[in-house]
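Chain by chain, the residues run as shown.
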Amino acid sequence: MRRVLLYLIVILTVVSCARIVQPNRDTSARAFLDYENGEIVYPLDSYGQSMEDLRFDIAYNAYLYAECMKPHGYTMPGASSLQHISHTVQFDKIYGLWNVAKAQKTGLVERDKPTSSRMETTADFERIMDETCIPQVRDQLNAEEDYKASEKAQKLTQEIRNQAYNKANSHPEWKQARSEWWACLESKGLHPRKGEHEWGVQEEFNFVSAPELTEAEIKLAVTMAQCSQDTRMAQRLGDLEASYQMPLIRQHQHELNEAKDAIKKRSERIKKIVLTHQ
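All residue numbers here refer to positions counted from 1 along the written sequence of the relevant chain. Local features in a predicted model are, by the rule used here, given only for residues with pLDDT of at least 70; side-chain atom pairs are given and counted only at 80 or more, and totals for whole chains, interfaces and linings are based on all residues. Side-chain calculation: all heavy atoms of the structure are included, whereas hydrogens and water are not.

(A) Structural context of helix α5 (residues 145–169). With 25 residues, α5 ought to run about 36 Å at 1.5 Å a step, and its terminal C-alpha atoms sit 36 Å apart, in line with that. For α5, the full list of buried residues reads Asp146, Tyr147, Ser150, Ala153, Leu156, Thr157, Ile160, Ala164, Tyr165, Ala168 and Asn169. Residues of α5 that are buried make contact with α4 (123–143), α6 (172–187), α8 (233–251) and α9 (253–276). A helix here means a DSSP run of H or I that spans at least four residues, while a strand means a run of E at least two residues long, and both kinds are numbered starting from the N terminus. How far a helix is expected to stretch is found by multiplying one less than its residue total by 1.5 Å. Type-normalised accessible area, obtained with a 1.4 Å probe on protein chains alone, sets the label of each residue: buried when under 20%, exposed when over 50%, and partly exposed for intermediate values. Whether two residues are in contact is decided by their heavy atoms: any pair within 4.5 Å suffices.

(B) Representation of the state of the cysteines in the model. Pairs of cysteine sulfur atoms within 2.5 Å are identified as disulfides in what follows. Applying the stated criterion across every chain yields a total of 2 disulfides. With a sulfur-sulfur separation of 2.1 Å, cysteine 68 is cross-linked through a disulfide to cysteine 133. The sign of the -95 degrees torsion about the S-S bond sets the cysteine 68-cysteine 133 disulfide as left-handed. With cysteine 68 in helix α2 (residues 51–69) and cysteine 133 in helix α4, this residue pair connects regions lying 65 residues apart in the sequence. For the pair cysteine 68 and cysteine 133, a shared accessibility class is recorded, and that class is buried.

(C) Inspection of the packing of aromatic side chains at higher detail. Aromatic rings from Phe, Tyr and Trp, with only the six-membered ring used for Trp, were paired whenever their centres fell within 6.5 Å, and each pair was classed as stacked if the ring planes differed by under 30 degrees, edge-to-face if by over 60, and tilted otherwise. Inspection of the entire model under this criterion finds 7 aromatic pairs. Taking the centre distance of 5.2 Å and the plane angle of 85 degrees together, the rings of tyrosine 74 and phenylalanine 125 count as edge-to-face. Taken together, the residues span a long stretch of sequence, with tyrosine 74 in the loop between α2 and α3 (100–106) and phenylalanine 125 in helix α4 at a distance of 51 residues. Centre to centre, the rings of tyrosine 165 and tryptophan 174 are 5.3 Å apart; their planes meet at 85 degrees, and the pair counts as edge-to-face. Feature note: the residues Tyr95, Tyr165, Trp174 and Trp199 constitute an aromatic cluster, connected by ring pairs. The ring of tryptophan 199 has arginine 178 lying over it, and the distance from NZ or CZ to the ring centre is 4.1 Å. Note on geometry: a ring has a charge over it if NZ (lysine) or CZ (arginine) is within 6 Å of the ring centre and within 35 degrees of the ring normal. The residue whose ring lies beneath lysine 260 is tyrosine 47, and the NZ or CZ to ring-centre distance is 5.8 Å.

(D) Quick look at the confidence of the model for the chain. Note: pLDDT gives the predictor's confidence per residue, expressed from 0 to 100. Chain-level pLDDT for the chain is 86 on average; 84% of the residues reach the 70-or-more range. Every residue in residues 1–22 scores below 50 in pLDDT, and together they form 0 contacts with partners more than four places removed in sequence or on other chains. In the predicted structure, residues 87–92 sits below a pLDDT of 50 and forms 20 contacts with residues beyond four places in sequence or in another chain.

(E) Seen up close, the packing of α6 against helix α7 (residues 215–231). For every element, the axis is a line fit to its C-alpha atoms; helices are fit only across the contacting stretch, and the angle between N-to-C directions ranges from 0 to 180 degrees. Interhelical geometry of α6 versus α7 gives an angle of 135 degrees and a closest axis separation of 9 Å. With respect to their mutual orientation, α6 and α7 come out oblique. When the axes of α6 and α7 are compared, the crossing they make is right-handed. In this structure, α6 uses Glu180, Trp181, Cys184 and Leu185 to contact α7, whose residues at the interface are Thr223, Met224, Cys227, Ser228 and Thr231. Residues are sorted three ways: Asp, Glu, Lys and Arg are charged, Ala, Val, Leu, Ile, Met, Phe, Trp, Tyr, Cys and Pro are nonpolar, and all the rest, Gly among them, are polar. Grouping the amino acids of the contact of α6 with α7 by side-chain chemistry returns 5 nonpolar, 3 polar and 1 charged. Here roughly perpendicular refers to angles of 65 to 115 degrees, roughly parallel to angles under 35, roughly antiparallel to angles over 145, and oblique to all remaining angles. In this scheme the crossing of two helices becomes right-handed for a clockwise turn of the near helix relative to the far one and left-handed for an anticlockwise turn of less than a right angle.

(F) Spatial organisation of the environment of arginine 55. On the secondary structure map, arginine 55 appears in helix α2. Judged by relative accessible area, which is 5%, arginine 55 ranks as buried.

(G) Just unusual backbone geometry, in detail. Although it is not a glycine, tyrosine 95 adopts a positive phi angle of roughly 65 degrees. Relative to the assigned elements, tyrosine 95 resides in the loop between α2 and α3. In this model, arginine 232 sits at a positive phi of 60 degrees, which is unusual for a non-glycine residue. Looking at where arginine 232 falls in the secondary structure, it is placed in the loop between α7 and α8. Judged by relative accessible area, which is 45%, arginine 232 ranks as partly exposed.

(H) The pattern of salt bridges, seen in detail. In the sections that follow, a salt bridge refers to a side-chain nitrogen of Lys or Arg positioned within 4 Å of a carboxyl oxygen of Asp or Glu. All chains considered together, the criterion is met by 17 salt bridges. For arginine 30, the salt bridge goes to aspartate 239, with nearest N and O atoms at 3.9 Å. Placement of arginine 30 in the loop between α1 (2–21) and β1 (32–34) and of aspartate 239 in helix α8 is noted, with a sequence separation of 209 residues between them. As a salt-bridge pair, glutamate 204 and arginine 193 come within 3.2 Å of each other at their nearest N and O atoms. With glutamate 204 in the loop between α6 and α7 and arginine 193 in the loop between α6 and α7, this pair connects stretches of sequence that are 11 residues apart. Each member of the pair glutamate 204 and arginine 193 is classed as buried. Within the structure, one salt-bridge network assembled from shared partners comprises Glu144, Asp146, Arg266 and Arg269.

Put into structure tokens, the structure is as follows:
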């Protein structure tokens, strides 16, 4: 009997410790919907590449390609392309349209502004780019120590982001929030696409190739964003992801601190280069 009791004490102790070490969610964690910049900000974003970092990263790569093509007689925008890179690049469409004010201005998509920097390419340009500049730029980046460290850091944050997303995606609240959004859209006469990674409606395809923004497109975009706002779908899903991110952040705190430093170090260096060659 004494052995049985000791065995039970050990088992209960192990189970108890496991619960303390690896909590599944932190329901106090929140995502922040930044309506001014069109971004959803998560706890993990404090450790990864910011939108501003990404813009300078893209501009730095453009600078490297421009420098490579210059001896071959081709002039490219290079670092000056920074001013044409959207501040919201790609993340403002997560969970579909949720920013009503932005939907009123841009419709379904943010169209590229016409610029004098756009250039026509030739077969010779493409050949030099493929055979010379792409390999050269790749080799140069791989030779940069802070590039390697930054890539490793971004890989870590992306892995954690994916883990949190997958857990959130499996929670009943995820499906409930989406179902309420779909119901709102259907009440407006729209036909939501309900695939796991789809965040739009069938009616969007009427405007896929539209070169200019129309009142009809604005109306559709605003309706979609308003339904998201009325059902709080973006906030609910963002909070759900954040709740799964926090325990993972604590679990990998040391590695994430190192990742944050690595990304910051590289971003500061390439920012100076881009601004110098504007």
